[in-house]
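# Notes for the structure review
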Amino acid sequence: MSDDLLRDAGRRLDAACELSDVSDETLTRLRQPASSLKVSVPVRMDDGSLRIFPGYRVRYDSTRGPAKGGIRYHPRVDVDEVTTLAFWMTFKTALMDLPFGGGKGGVTVDPKGLSMAELERLSRGYVAAVADTIGPDVDVPAPDVATNELVMGWMADEYAKIRRQSVPAVITGKPLAVGGSHGRSTATSDGAFHVLHTLREQLLADMESPRAAIQGFGNAGANLASALSDHGYRVVAVSDSSAAVHDPGGLNIERLREHKNQTGALTAPPVGEELTDPDDLMGLEVDVLIPAALEGAIHEANAEQVKARVVLEVANGPVTSAADQILDDLGVVVVPDILANAGGVTVSWFEWIQNRQGDRWDPDTVNTRLEARMVKETRNVAQVAEERDVPLRSAAYVVALERLSEAMDATGTAAIFSDGGG
Ligand code: GLU
(Lines give C-alpha, C1' and ligand atoms only; values in the text may rest on other atoms or scores of the structure.)
Protein backbone atom coordinates (compact mmCIF):
# COMPACT_ATOMS: atom_id res chain seq x y z
CA MET A 1 0.00 0.00 0.00
CA SER A 2 2.53 2.64 1.02
CA ASP A 3 5.04 1.86 -1.73
CA ASP A 4 2.08 2.49 -4.09
CA LEU A 5 1.66 5.85 -2.36
CA LEU A 6 5.28 6.72 -3.02
CA ARG A 7 4.99 5.69 -6.67
CA ASP A 8 1.81 7.75 -6.98
CA ALA A 9 3.63 10.78 -5.56
CA GLY A 10 6.37 10.24 -8.14
CA ARG A 11 3.77 10.19 -10.92
CA ARG A 12 2.45 13.57 -9.78
CA LEU A 13 5.97 14.95 -9.83
CA ASP A 14 6.47 13.69 -13.39
CA ALA A 15 3.14 15.20 -14.48
CA ALA A 16 4.05 18.57 -12.96
CA CYS A 17 7.46 18.52 -14.65
CA GLU A 18 5.82 18.04 -18.01
CA LEU A 19 3.79 21.20 -17.47
CA SER A 20 6.63 23.44 -16.38
CA ASP A 21 10.03 24.35 -17.55
CA VAL A 22 12.09 23.21 -14.56
CA SER A 23 15.66 22.00 -14.75
CA ASP A 24 16.42 18.28 -14.86
CA GLU A 25 18.47 18.78 -11.72
CA THR A 26 15.38 19.88 -9.78
CA LEU A 27 13.66 16.69 -10.78
CA THR A 28 16.72 14.60 -9.95
CA ARG A 29 16.95 16.18 -6.50
CA LEU A 30 13.25 15.74 -5.78
CA ARG A 31 13.23 12.03 -6.62
CA GLN A 32 14.40 10.95 -3.16
CA PRO A 33 14.40 12.24 0.43
CA ALA A 34 17.43 14.10 1.77
CA SER A 35 17.55 11.89 4.86
CA SER A 36 15.56 9.13 6.40
CA LEU A 37 15.94 8.01 9.99
CA LYS A 38 14.51 4.84 11.50
CA VAL A 39 14.52 4.53 15.27
CA SER A 40 13.28 2.05 17.86
CA VAL A 41 11.39 3.59 20.75
CA PRO A 42 11.42 1.48 23.93
CA VAL A 43 8.40 2.08 26.17
CA ARG A 44 7.85 0.73 29.68
CA MET A 45 4.20 -0.31 29.71
CA ASP A 46 1.91 0.13 32.73
CA ASP A 47 2.05 -3.60 33.51
CA GLY A 48 5.85 -3.46 33.77
CA SER A 49 6.55 -5.09 30.39
CA LEU A 50 8.74 -3.48 27.72
CA ARG A 51 7.58 -2.81 24.16
CA ILE A 52 9.60 -1.44 21.28
CA PHE A 53 7.82 0.77 18.72
CA PRO A 54 9.35 1.55 15.30
CA GLY A 55 9.56 5.29 14.59
CA TYR A 56 10.66 7.42 11.63
CA ARG A 57 11.67 10.95 10.75
CA VAL A 58 12.15 11.78 7.09
CA ARG A 59 13.56 15.09 5.90
CA TYR A 60 12.57 15.23 2.26
CA ASP A 61 14.00 18.59 1.22
CA SER A 62 15.39 21.69 2.96
CA THR A 63 16.29 23.94 0.04
CA ARG A 64 13.71 26.60 0.97
CA GLY A 65 14.23 26.33 4.75
CA PRO A 66 14.14 23.92 7.69
CA ALA A 67 12.11 20.76 7.05
CA LYS A 68 8.54 21.05 8.39
CA GLY A 69 5.86 18.46 8.98
CA GLY A 70 3.86 16.50 11.52
CA ILE A 71 4.30 13.29 13.47
CA ARG A 72 1.70 10.59 13.02
CA TYR A 73 0.75 7.72 15.36
CA HIS A 74 -0.94 4.92 13.43
CA PRO A 75 -0.59 1.13 13.10
CA ARG A 76 0.03 1.42 9.35
CA VAL A 77 2.93 3.91 9.58
CA ASP A 78 6.01 2.73 7.70
CA VAL A 79 8.97 4.38 6.01
CA ASP A 80 7.29 4.66 2.61
CA GLU A 81 4.21 6.36 4.05
CA VAL A 82 6.30 8.82 6.05
CA THR A 83 8.47 9.53 3.00
CA THR A 84 5.40 10.22 0.84
CA LEU A 85 3.94 12.52 3.50
CA ALA A 86 7.29 14.36 3.69
CA PHE A 87 7.27 14.73 -0.11
CA TRP A 88 3.78 16.27 0.07
CA MET A 89 4.94 18.64 2.84
CA THR A 90 7.77 19.84 0.56
CA PHE A 91 5.22 20.84 -2.07
CA LYS A 92 2.77 22.24 0.49
CA THR A 93 5.25 24.64 2.11
CA ALA A 94 6.47 25.75 -1.34
CA LEU A 95 2.90 26.28 -2.55
CA MET A 96 2.12 28.46 0.48
CA ASP A 97 5.48 30.25 0.01
CA LEU A 98 6.59 29.48 3.57
CA PRO A 99 10.32 29.53 4.43
CA PHE A 100 10.34 25.77 5.02
CA GLY A 101 11.14 22.50 3.32
CA GLY A 102 9.25 19.27 3.89
CA GLY A 103 9.56 16.56 6.52
CA LYS A 104 7.40 14.06 8.36
CA GLY A 105 7.59 11.61 11.22
CA GLY A 106 5.61 8.74 12.59
CA VAL A 107 5.42 5.84 15.00
CA THR A 108 3.90 2.47 14.14
CA VAL A 109 1.45 2.16 17.02
CA ASP A 110 -2.26 1.93 17.72
CA PRO A 111 -2.58 4.86 20.13
CA LYS A 112 -6.07 3.73 21.18
CA GLY A 113 -4.41 0.71 22.83
CA LEU A 114 -2.20 2.90 25.08
CA SER A 115 -2.95 4.51 28.45
CA MET A 116 -2.24 8.24 28.86
CA ALA A 117 0.95 7.49 30.78
CA GLU A 118 2.14 5.08 28.06
CA LEU A 119 1.35 7.71 25.41
CA GLU A 120 3.47 10.24 27.31
CA ARG A 121 6.41 7.80 27.61
CA LEU A 122 6.15 6.98 23.89
CA SER A 123 6.09 10.68 22.92
CA ARG A 124 9.08 11.53 25.11
CA GLY A 125 10.89 8.40 23.90
CA TYR A 126 10.34 9.36 20.26
CA VAL A 127 11.85 12.82 20.83
CA ALA A 128 14.82 11.34 22.67
CA ALA A 129 15.38 9.04 19.69
CA VAL A 130 15.24 11.78 17.00
CA ALA A 131 16.61 14.72 19.06
CA ASP A 132 19.84 14.98 17.05
CA THR A 133 17.96 15.46 13.79
CA ILE A 134 15.33 18.04 14.79
CA GLY A 135 15.71 21.70 15.77
CA PRO A 136 14.25 25.15 14.95
CA ASP A 137 16.67 25.66 12.05
CA VAL A 138 16.81 22.04 10.91
CA ASP A 139 13.53 20.18 11.08
CA VAL A 140 10.41 21.31 12.95
CA PRO A 141 7.75 18.69 13.80
CA ALA A 142 4.03 19.32 14.48
CA PRO A 143 0.81 17.34 15.03
CA ASP A 144 -0.64 14.95 12.46
CA VAL A 145 -3.05 11.98 12.64
CA ALA A 146 -3.62 10.97 16.32
CA THR A 147 -1.15 13.46 17.78
CA ASN A 148 -2.40 16.67 19.39
CA GLU A 149 -1.25 19.66 21.41
CA LEU A 150 -0.81 17.58 24.56
CA VAL A 151 1.62 15.32 22.68
CA MET A 152 3.44 18.37 21.23
CA GLY A 153 3.73 19.82 24.76
CA TRP A 154 5.36 16.61 26.06
CA MET A 155 7.68 16.56 23.08
CA ALA A 156 8.76 20.20 23.49
CA ASP A 157 9.35 19.59 27.21
CA GLU A 158 11.46 16.50 26.50
CA TYR A 159 13.53 18.38 23.90
CA ALA A 160 14.12 21.20 26.43
CA LYS A 161 15.35 18.65 28.98
CA ILE A 162 17.74 17.09 26.48
CA ARG A 163 19.15 20.47 25.39
CA ARG A 164 18.99 21.88 28.95
CA GLN A 165 17.33 25.03 27.62
CA SER A 166 13.91 26.15 26.47
CA VAL A 167 13.59 25.76 22.68
CA PRO A 168 9.89 26.32 21.91
CA ALA A 169 10.44 26.80 18.15
CA VAL A 170 11.54 23.16 17.82
CA ILE A 171 7.92 21.97 17.60
CA THR A 172 4.66 23.67 16.61
CA GLY A 173 1.10 22.87 17.64
CA LYS A 174 1.98 23.20 21.34
CA PRO A 175 -0.54 24.20 24.04
CA LEU A 176 -1.01 27.98 24.25
CA ALA A 177 0.47 28.05 27.77
CA VAL A 178 3.86 26.76 26.57
CA GLY A 179 4.33 28.81 23.40
CA GLY A 180 1.53 27.55 21.18
CA SER A 181 -0.30 29.93 18.86
CA HIS A 182 -3.88 31.08 18.91
CA GLY A 183 -5.74 29.44 16.07
CA ARG A 184 -3.40 26.44 15.60
CA SER A 185 -5.94 23.79 16.68
CA THR A 186 -8.54 25.01 14.14
CA ALA A 187 -6.00 26.11 11.52
CA THR A 188 -6.44 23.19 9.12
CA SER A 189 -10.22 23.50 9.04
CA ASP A 190 -10.13 27.32 8.96
CA GLY A 191 -7.70 27.18 6.04
CA ALA A 192 -9.87 24.63 4.19
CA PHE A 193 -12.88 26.86 4.75
CA HIS A 194 -11.06 29.90 3.28
CA VAL A 195 -9.98 27.86 0.23
CA LEU A 196 -13.53 26.64 -0.41
CA HIS A 197 -14.94 30.12 0.18
CA THR A 198 -12.47 31.64 -2.30
CA LEU A 199 -13.49 29.11 -4.95
CA ARG A 200 -17.19 29.17 -4.11
CA GLU A 201 -18.15 31.68 -6.77
CA GLN A 202 -16.42 29.56 -9.40
CA LEU A 203 -17.51 26.11 -8.22
CA LEU A 204 -20.81 26.46 -6.35
CA ALA A 205 -22.10 29.80 -7.64
CA ASP A 206 -25.75 28.88 -8.04
CA MET A 207 -26.14 27.11 -4.70
CA GLU A 208 -27.99 28.58 -1.72
CA SER A 209 -26.90 26.05 0.86
CA PRO A 210 -24.53 23.49 -0.62
CA ARG A 211 -24.65 19.97 0.83
CA ALA A 212 -21.43 18.54 2.26
CA ALA A 213 -20.36 15.06 3.40
CA ILE A 214 -17.23 14.65 5.51
CA GLN A 215 -15.27 11.43 5.92
CA GLY A 216 -13.23 11.76 9.13
CA PHE A 217 -14.43 13.36 12.35
CA GLY A 218 -11.07 14.07 13.98
CA ASN A 219 -9.68 17.56 14.62
CA ALA A 220 -9.88 18.82 11.02
CA GLY A 221 -13.10 17.03 9.99
CA ALA A 222 -15.13 17.96 13.09
CA ASN A 223 -14.01 21.62 13.14
CA LEU A 224 -14.71 21.97 9.44
CA ALA A 225 -18.17 20.43 9.92
CA SER A 226 -18.91 23.15 12.51
CA ALA A 227 -17.50 25.94 10.32
CA LEU A 228 -19.52 24.83 7.29
CA SER A 229 -22.79 24.45 9.16
CA ASP A 230 -22.24 27.88 10.77
CA HIS A 231 -21.81 29.41 7.30
CA GLY A 232 -24.86 28.20 5.44
CA TYR A 233 -23.74 24.78 4.25
CA ARG A 234 -25.86 21.72 4.99
CA VAL A 235 -23.60 19.00 6.40
CA VAL A 236 -25.65 15.91 5.53
CA ALA A 237 -23.19 13.17 6.50
CA VAL A 238 -20.09 12.65 8.64
CA SER A 239 -18.16 9.52 9.47
CA ASP A 240 -15.29 8.26 11.60
CA SER A 241 -13.64 4.84 11.74
CA SER A 242 -16.62 3.46 13.73
CA ALA A 243 -19.70 4.70 11.82
CA ALA A 244 -21.23 7.08 9.26
CA VAL A 245 -24.22 9.28 10.17
CA HIS A 246 -26.59 10.69 7.57
CA ASP A 247 -29.48 13.15 7.47
CA PRO A 248 -30.41 14.63 4.07
CA GLY A 249 -31.93 17.63 5.90
CA GLY A 250 -28.61 18.48 7.61
CA LEU A 251 -27.01 17.19 10.82
CA ASN A 252 -26.75 18.97 14.16
CA ILE A 253 -22.95 19.00 14.30
CA GLU A 254 -22.64 20.28 17.87
CA ARG A 255 -24.69 17.35 19.19
CA LEU A 256 -22.55 14.91 17.23
CA ARG A 257 -19.35 16.49 18.58
CA GLU A 258 -20.65 16.22 22.16
CA HIS A 259 -21.57 12.58 21.52
CA LYS A 260 -18.11 11.82 20.09
CA ASN A 261 -16.40 13.61 23.02
CA GLN A 262 -18.41 11.62 25.53
CA THR A 263 -18.30 8.17 23.91
CA GLY A 264 -15.16 8.39 21.77
CA ALA A 265 -17.04 7.37 18.60
CA LEU A 266 -19.94 8.29 16.30
CA THR A 267 -21.67 4.91 16.82
CA ALA A 268 -25.29 5.14 18.08
CA PRO A 269 -25.53 8.85 17.20
CA PRO A 270 -28.14 11.12 18.86
CA VAL A 271 -29.12 12.64 15.47
CA GLY A 272 -29.42 11.29 11.90
CA GLU A 273 -29.35 7.66 10.75
CA GLU A 274 -26.34 5.38 10.78
CA LEU A 275 -25.44 4.15 7.27
CA THR A 276 -25.26 0.35 7.11
CA ASP A 277 -22.05 0.58 5.12
CA PRO A 278 -19.98 3.66 6.14
CA ASP A 279 -18.23 3.55 2.74
CA ASP A 280 -21.56 4.59 1.15
CA LEU A 281 -20.81 8.15 2.32
CA MET A 282 -18.56 8.53 -0.74
CA GLY A 283 -21.47 8.03 -3.13
CA LEU A 284 -24.05 10.28 -1.43
CA GLU A 285 -25.89 13.00 -3.37
CA VAL A 286 -23.90 16.01 -2.15
CA ASP A 287 -22.25 19.08 -3.62
CA VAL A 288 -18.97 18.92 -1.71
CA LEU A 289 -17.33 15.67 -0.63
CA ILE A 290 -14.61 16.11 1.98
CA PRO A 291 -12.23 13.24 2.70
CA ALA A 292 -10.61 14.29 5.99
CA ALA A 293 -9.15 11.02 7.28
CA LEU A 294 -6.34 9.01 5.65
CA GLU A 295 -4.67 8.43 2.29
CA GLY A 296 -6.34 6.56 -0.55
CA ALA A 297 -9.99 7.02 0.55
CA ILE A 298 -11.10 7.65 -3.04
CA HIS A 299 -9.53 5.10 -5.34
CA GLU A 300 -10.01 3.36 -8.66
CA ALA A 301 -12.80 1.11 -7.33
CA ASN A 302 -15.05 3.76 -5.73
CA ALA A 303 -14.30 6.98 -7.67
CA GLU A 304 -17.12 6.29 -10.16
CA GLN A 305 -19.65 6.49 -7.31
CA VAL A 306 -18.80 10.10 -6.47
CA LYS A 307 -21.73 12.41 -7.23
CA ALA A 308 -20.29 15.59 -5.71
CA ARG A 309 -19.27 18.57 -7.88
CA VAL A 310 -16.27 19.26 -5.70
CA VAL A 311 -13.91 17.05 -3.68
CA LEU A 312 -12.07 19.08 -1.02
CA GLU A 313 -9.00 17.11 0.11
CA VAL A 314 -8.61 17.90 3.80
CA ALA A 315 -6.67 14.67 4.47
CA ASN A 316 -3.23 14.21 2.94
CA GLY A 317 -3.41 12.15 -0.24
CA PRO A 318 -7.05 10.97 0.00
CA VAL A 319 -7.45 10.66 -3.81
CA THR A 320 -5.17 8.29 -5.71
CA SER A 321 -3.84 9.35 -9.12
CA ALA A 322 -6.00 6.68 -10.83
CA ALA A 323 -9.08 8.14 -9.09
CA ASP A 324 -7.99 11.66 -10.09
CA GLN A 325 -8.34 10.67 -13.72
CA ILE A 326 -11.79 9.13 -13.18
CA LEU A 327 -13.04 12.19 -11.26
CA ASP A 328 -11.69 14.49 -13.95
CA ASP A 329 -13.58 12.50 -16.61
CA LEU A 330 -16.75 12.80 -14.50
CA GLY A 331 -16.27 16.58 -14.31
CA VAL A 332 -15.64 16.56 -10.55
CA VAL A 333 -13.28 19.32 -9.43
CA VAL A 334 -10.67 18.17 -6.91
CA VAL A 335 -9.24 20.87 -4.62
CA PRO A 336 -5.84 19.38 -3.83
CA ASP A 337 -4.56 18.58 -0.34
CA ILE A 338 -1.41 20.70 -0.60
CA LEU A 339 -3.71 23.73 -0.85
CA ALA A 340 -6.88 22.62 0.97
CA ASN A 341 -5.17 21.49 4.19
CA ALA A 342 -2.30 23.98 4.20
CA GLY A 343 -3.87 26.15 6.92
CA GLY A 344 -2.29 23.87 9.54
CA VAL A 345 1.29 24.39 8.47
CA THR A 346 0.64 28.08 7.81
CA VAL A 347 -0.35 28.70 11.44
CA SER A 348 2.60 26.46 12.45
CA TRP A 349 4.77 29.00 10.66
CA PHE A 350 3.10 31.80 12.67
CA GLU A 351 3.83 29.84 15.86
CA TRP A 352 7.48 29.34 14.87
CA ILE A 353 7.84 33.08 14.16
CA GLN A 354 6.25 34.01 17.52
CA ASN A 355 8.54 31.58 19.38
CA ARG A 356 11.65 32.92 17.68
CA GLN A 357 10.69 36.54 18.32
CA GLY A 358 9.45 35.94 21.87
CA ASP A 359 6.14 37.41 20.75
CA ARG A 360 2.46 36.57 21.14
CA TRP A 361 -0.05 37.42 18.44
CA ASP A 362 -3.69 37.93 19.32
CA PRO A 363 -6.35 35.72 17.69
CA ASP A 364 -7.36 38.46 15.21
CA THR A 365 -3.81 38.82 13.92
CA VAL A 366 -3.55 35.06 13.36
CA ASN A 367 -6.94 34.82 11.67
CA THR A 368 -6.38 37.82 9.41
CA ARG A 369 -2.94 36.62 8.31
CA LEU A 370 -4.16 33.06 7.76
CA GLU A 371 -7.09 34.20 5.65
CA ALA A 372 -4.90 36.55 3.60
CA ARG A 373 -2.36 33.80 2.81
CA MET A 374 -5.00 31.17 1.98
CA VAL A 375 -6.95 33.51 -0.30
CA LYS A 376 -3.80 34.71 -2.08
CA GLU A 377 -2.42 31.26 -2.85
CA THR A 378 -5.86 29.87 -3.76
CA ARG A 379 -6.36 32.67 -6.30
CA ASN A 380 -2.87 32.07 -7.62
CA VAL A 381 -3.58 28.34 -8.15
CA ALA A 382 -6.97 29.04 -9.75
CA GLN A 383 -5.36 31.53 -12.13
CA VAL A 384 -2.60 29.12 -13.18
CA ALA A 385 -5.23 26.40 -13.69
CA GLU A 386 -7.18 28.71 -15.96
CA GLU A 387 -4.20 30.03 -17.89
CA ARG A 388 -2.76 26.59 -18.58
CA ASP A 389 -6.12 24.85 -18.81
CA VAL A 390 -5.17 22.18 -16.25
CA PRO A 391 -6.87 20.81 -13.10
CA LEU A 392 -6.28 22.61 -9.79
CA ARG A 393 -3.94 19.84 -8.59
CA SER A 394 -1.65 20.21 -11.59
CA ALA A 395 -1.68 23.97 -11.17
CA ALA A 396 -0.78 23.68 -7.47
CA TYR A 397 2.11 21.32 -8.26
CA VAL A 398 3.37 23.62 -11.00
CA VAL A 399 3.39 26.65 -8.67
CA ALA A 400 5.18 24.68 -5.94
CA LEU A 401 7.62 23.07 -8.33
CA GLU A 402 8.59 26.38 -9.90
CA ARG A 403 9.30 27.85 -6.46
CA LEU A 404 11.36 24.80 -5.51
CA SER A 405 13.21 24.90 -8.78
CA GLU A 406 14.03 28.57 -8.40
CA ALA A 407 15.50 27.89 -4.95
CA MET A 408 17.44 24.85 -6.16
CA ASP A 409 18.78 26.68 -9.20
CA ALA A 410 19.95 29.49 -6.91
CA THR A 411 22.30 26.98 -5.28
CA GLY A 412 23.92 26.19 -8.64
CA THR A 413 23.03 24.36 -11.84
CA ALA A 414 24.99 22.47 -14.49
CA ALA A 415 24.35 25.40 -16.84
CA ILE A 416 26.05 27.88 -14.48
CA PHE A 417 29.11 25.67 -14.11
CA SER A 418 29.44 24.75 -17.78
CA ASP A 419 29.12 28.43 -18.76
CA GLY A 420 32.04 29.19 -16.50
CA GLY A 421 29.91 31.02 -13.90
CA GLY A 422 28.92 34.64 -13.75
N1 GLU B 1 0.40 17.61 9.82
C2 GLU B 1 -0.02 18.82 9.20
C3 GLU B 1 0.09 18.70 7.69
O4 GLU B 1 0.08 17.62 7.16
C5 GLU B 1 0.68 20.04 9.75
C6 GLU B 1 2.15 20.12 9.55
C7 GLU B 1 2.81 21.26 10.30
O8 GLU B 1 2.12 22.06 10.88
O9 GLU B 1 4.04 21.32 10.24
O10 GLU B 1 0.08 19.67 6.99
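In case you missed it, the structure is sitting above this.
A brief report on the enclosed structure follows. In this text, all values refer to a predicted model and were calculated from it rather than measured experimentally.

### Here's the deal with the packing of helix 6 (residues 187-203) against helix 11 (residues 343-357)
Two elements in contact, helix 6 and helix 11, have axes separated by 7 Å at closest approach and are oriented at 120°. Here helix 6 is positioned oblique relative to helix 11, judged by the angle of their axes. Like other packed secondary-structure pairs, helix 6 and helix 11 cross with a definite hand, here right-handed. Touching A187, T188 and G191 of helix 6 are G343, G344 and V347, all from helix 11.

### A look at the site of the ligand
Near the ligand there are 14 residues, and of these K68, K92, P143, D144 and S348 occur at the shortest range. Contacts to the ligand include K92, whose side-chain N or O atom sits 2.6 Å from an oxygen atom. A distance of 3.0 Å separates an oxygen atom of the ligand from a polar atom in the side chain of R184. Bound to the protein, the ligand loses 94% of the 290 Å² it would expose on its own. When residues of the shell around the ligand are traced back to their parent elements, those giving at least two are helix 3 (79-95) and helix 11. It is helix 11 that contributes the most residues to the shell around the ligand, three residues altogether. Classifying every residue of the shell around the ligand by side-chain character gives four nonpolar, five polar and five charged.

Criteria and thresholds
Residues numbered from 1 in each chain as written. Predicted model: local features only at pLDDT ≥ 70, side-chain atom pairs only at ≥ 80, totals over all residues. Heavy atoms only, no water. Axes fitted to C-alpha atoms, helices over the stretch in contact; angles between N-to-C directions. Helix = DSSP H or I, 4+ residues; strand = E, 2+ residues; numbered from the N terminus. Parallel < 35°, antiparallel > 145°, perpendicular 65-115°, else oblique. Left-handed = near helix turned anticlockwise from the far one by under 90°. Contact = heavy atoms within 4.5 Å. Near = heavy atom within 4 Å. Polar contact = N/O pair within 3.5 Å; in protein donor to acceptor, adjacent residues only side chain to side chain. Areas by Shrake-Rupley, 256 points an atom, 1.4 Å probe, with all protein chains shown as cover. Nonpolar A, V, L, I, M, F, W, Y, C, P; charged D, E, K, R; others polar.

All we've got here are geometric facts, nothing functional implied.
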